[in-house]
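Residues per chain, in single letters:
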Amino acid sequence: MQKDTVSIYFIRAAVTRLSPEARARVLYSAAIPEEFLSSNNARVTAASFAALWMAVARELDDEFFGMDRRRMKVGSFALLCHAVLHSQNLGQAVSGILRGLAIFLDDVRGTLQVSGDRATIGITNKMMTIDSRRFADETFLVMVHGLMCWLAGKRIVLSLVEFSGPCPPYSREYNIMFSQHLRFDASLTGVHFDAKLLGAPVVQNAETLKTLLREAPQSIFLKYKNTNSWTARVRRRMRGCMGAVGWPILMEIAKEFNVAPSTLRRRLDAEGVSFQEIKDDLRRDAAIHYLSNTQISVSDVAGLLGFQEVSAFRRAFKAWTGMRPTHYRTLVL
């Protein structure tokens, strides 16, 4: 089971345009304690974030979190999917997606350009504040890239993702969301990918669209996440260690991947992450899943995650999320 979690930064941004009363309603409906908003390290399950997105959309009648001057009314995303479903290829579909979003939104607009073997989707954003532009750009890219991946039936690998703003404190999230190749303070926000992919066929149909819309938005922002990076490969391998007595060390993982430990360390470093950070992130996400969705005792959760002492798990969980595991469970259950 995937036990992905979402940074509290995205939760805060998602509820920014709500009144205090509406914010309390949507957080409650998504099982996200309001106390989490004050903790920079807090995280929620992917399912909770998906529920929050839907709740905010219902509250505002806006699938774009109320960020744009023009509302993207509930049902717009489904309409967009139907409009591009029968495109001849991915390139035609992308053009249709961007035209549709240009109709739905006023402040954010995307353009597709092809130069040689590289295709680029660039974003122009008229919003005034850095935080508003950043979250709007993130949401726009999640929608466009997620829909591209679904239409093609595979992840569209992004060779480079550029953001016009400074590097945010949660930038590591982008490695899973978009790509391990990131650039900040760029002249324009945009994503780059192999232009040959524009010729890929659209492999979806009316029946698979029903499934997509039934499971959205989680089917968009999670299903086709970055799974080909070294980080993802190490994470998949270590996920199988849940409940094991001991967890493998970097040298053992490198041997399984047929690379030298120094090579694996360099490749992870190039993706902006260390072996220990992958291990910590995996255990953090699993701990949040167990505490949020099961009645397993804290001591048993610690054992499942490879901690020999419950006290060590408590200290680690507080470092990860800003709160002790028992307090976290009290808030979410």
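Now for a look at the structure at hand. (Residues numbered from 1 in each chain as written. Predicted model: local features only at pLDDT ≥ 70, side-chain atom pairs only at ≥ 80, totals over all residues. Heavy atoms only, no water.)

1. Focus: the sheet that holds strand β4 (residues 118-125)
- Taken in spatial order, the five strands line up as β3-β4-β7-β5-β6 in an open sheet, and their pairing is mixed. Single-partner strands in this sheet number two, and they are β3 (108-115) and β6 (182-183).
- Both β4 and strand β7 (residues 189-194) contribute to a ladder of six bridges, which runs antiparallel. Each residue of the ladder has a partner; that of isoleucine 121, found in β7, is valine 191.
- Of the strands in this sheet, β3 and β4 touch helix α5 (residues 90-104), which is tilted by about 155 degrees from β3. (Pairing = 2+ DSSP bridges. Helix = DSSP H or I, 4+ residues; strand = E, 2+ residues; numbered from the N terminus. Contact = heavy atoms within 4.5 Å. Axes fitted to C-alpha atoms, helices over the stretch in contact; angles between N-to-C directions.)

2. Describing the pattern of salt bridges
- Within the structure shown, the criterion is met by 15 salt bridges.
- The partner of glutamate 59 in a salt bridge is arginine 25, with the nearest N and O atoms 2.4 Å apart. With a gap of 34 residues between them, glutamate 59 in helix α3 (residues 46-60) and arginine 25 in helix α2 (residues 20-29) connect regions that are remote in the sequence.
- Note that aspartate 285 is salt-bridged to arginine 43, the shortest N-O span being 3.9 Å. On the criterion of sequence distance, the pair formed by aspartate 285 in helix α13 (residues 275-293) and arginine 43 in strand β2 (residues 43-45) is long-range, its members being 242 residues apart.
- A relative accessible area of 7% places arginine 43 in the buried class. (Salt bridge = Lys/Arg side-chain N within 4 Å of Asp/Glu carboxyl O. Buried < 20%, exposed > 50% of the residue type's maximum accessible area, 1.4 Å probe, protein only.)

3. Observations regarding the side chain of serine 132
- As for its position among the elements, serine 132 is in helix α6 (residues 130-152).
- Not counting the four nearest positions on each side in its chain, serine 132 is found in contact with Arg17, Met67 and Met127.

4. Digging into the pairing of β3
- Looking at chain direction, β3 and β4 are connected through eight bridges and run antiparallel. Opposite leucine 112, over in β4, you have isoleucine 121 as the bridge partner.
- Adjacent in sequence and paired antiparallel, β3 and β4 are bridged by two residues, among which glycine 116 carries a positive phi angle near 65 degrees.

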